[in-house]
Amino acid sequence: SSGINAEYGNGPVYDVHFSPVHRNLFLTASTDGTIRLYNALQPKPFQVLEPVAGYVFSVEWSPVRPLVFAATTANGTLLIYDMKKSRISPVLQIPANHSKSPVYSIAFNNKSNDLLSTGDSRGSVKIWKLSEGLSTQIKGEGKILERIAASSYE
């Protein structure tokens, strides 16, 4: 087998998730406090997000909105990004628990597009209901993601 080596930054990478709509785009979550967006055809990330929320433990693309992804952090925050609205800042920053315990995992529900789950260090699993704006497909959004991917070559 062969592999593509991507440049990862300064800490362990805890999660990697490929886009469900673009075969070459993927996200990483790491302890350097960043979320990195990569095109698998390029060794360096084309975008580095620094949410200033401590370590980033998990990241996942929405199965229905090509420009939406979510991440979880060491200080118990659920971050939701919508690149249609902002390419650099989360549109939502939600405390995932009252104790600010690390949130290690995240998963979108592939059958119910408005549901998202998180799991934290205290053994708690939460199910979140997303707004219609974050869970309903928007016409032309795939083409915007194509443009973002194409710009990664520049």
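Scroll up to find the structure this text is about.
Within every chain, residues take consecutive numbers counted from 1 along the sequence as written. Owing to the predicted nature of the model, reporting of local features is limited to residues with pLDDT of at least 70; listing and counting of side-chain atom pairs is limited to 80 or more, with chain, interface and lining totals taken over all residues. Each side-chain value is worked out from all heavy atoms of the structure, with water and hydrogens disregarded.

Q: Before we go on, may I ask you to explain the sheet that holds strand 2 (residues 25–30) in this structure?
A: Two pairing modes exist for strands in a sheet, parallel and antiparallel, and in both the strands are linked by backbone hydrogen bonds. Sheet architecture is open: four strands sit in the order 1-2-3-4, paired in antiparallel fashion. Every interior strand has two partners, whereas the edge strands, strand 1 (13–18) and strand 4 (47–49), have only one. Across the sheet, the axes of successive neighbouring strands diverge by a mean angle of 20°, strand direction being ignored. Note: strand 1 against strand 2, five bridges, orientation antiparallel. Along strand 2, the bridge assignment pairs H17 with L27. Two strands pair if DSSP finds at least two bridges between them. Starting at the N terminus, helices and strands are each numbered in turn, a helix being any DSSP run of H or I of at least four residues and a strand any DSSP run of E of at least two. Under this scheme, a helix contributes an axis fitted over its contacting stretch, all axes are lines through C-alpha atoms, and angles between N-to-C directions fall in the 0 to 180 degree range.

Q: Help me understand the side chain of T77, please; the structure alone is not making it clear to me.
A: Mapped onto the elements, T77 comes out in strand 7 (residues 77–82). On the basis of relative accessible area, T77 is assigned to the buried category, the value being 13%. Pairing of N or O atoms within 3.5 Å defines a polar contact, subject to two protein rules: one partner must be a possible hydrogen donor and the other a possible acceptor, and residues neighboring in sequence count only if both atoms are side-chain atoms. Among the polar contacts listed, one links the side chain of T77 to the side chain of N75, at a separation of 2.8 Å. Contacts were defined at the residue level, with two residues in contact if any of their heavy atoms lie within 4.5 Å. Excluding residues within four positions of it along the chain, T77 makes contact with A71, T72, Q93, I94 and A96. Partly exposed residues are those whose accessible area sits between 20% and 50% of the maximum for their type, while under 20% is buried and over 50% is exposed, using a 1.4 Å probe and protein chains only.

Q: Help me understand the sheet that holds strand 8 (residues 92–95) in this model?
A: With antiparallel pairing, the four strands of this open sheet are ordered in space as 5-6-7-8. Each end of this open sheet is capped by a strand with a single partner; those strands are strand 5 (56–61) and strand 8. Across the sheet, the mean angle from the axis of one strand to that of its neighbour is 15°, orientation sign disregarded. Two strands pair when backbone bridges link them, and strand 5 and strand 6 (residues 68–73) are joined in this way by five bridges, in the antiparallel orientation. Residue pairing across strands places V56 opposite T73, the latter belonging to strand 6.

Q: Looking at this structure, I do not really get the side chain of N24. What am I missing?
A: Among the secondary structure elements, N24 is positioned in the loop between strand 1 and strand 2. Excluding residues within four positions of it along the chain, N24 makes contact with F18, Y38, N39, A40 and L41.

Q: Which parts of the structure should I look at to understand the nonpolar core?
A: Side chains of nonpolar character tend, in soluble globular proteins, to be buried together. For our purposes a nonpolar core is just a set of buried Ala, Val, Leu, Ile, Met, Phe, Trp, Tyr and Cys residues, chained together by side-chain atoms within 4.5 Å. Counting 18 residues, the largest nonpolar core has L27, I35, V59, W61, F69 and M83 as the members making the most contacts within it. Elements represented by at least two residues in this core include exactly strand 2, strand 3 (35–39), strand 5, strand 6, strand 7 and helix 2 (141–151). Apart from the residues within four sequence positions on either side, V59 is in contact with D15, H17, L27, T28, A29, I35, F69, A70, A71 and I106. With twelve residues, the next largest nonpolar core counts V68, V103, F108 and L134 among its residues.

Q: What exactly am I supposed to notice about the environment of I35 here?
A: Tracing the backbone through its elements, the reader meets I35 in strand 3. C-alpha separation for the pair I35 and Y55, spaced 20 residues apart in sequence, amounts to 9.7 Å. In this structure, I35 is in contact with L27, T28, Q47, V48, L49, P51, V56, V59, F69, A71 and Y81, ignoring residues within four places of it in sequence.

Q: Can you walk me through the environment of T118 in this structure?
A: Residue placement: T118 occurs in strand 10 (residues 115–120). Note on T118: relative accessible area 5%, which makes it buried. Sequence separation between T118 and A107 is eleven residues; the distance between their C-alpha atoms is 6.6 Å. When sequence neighbours within four positions are dropped, the list of residues in contact with T118 reads T72, L78, V103, S105, I106, S124, V125, K126 and W128.

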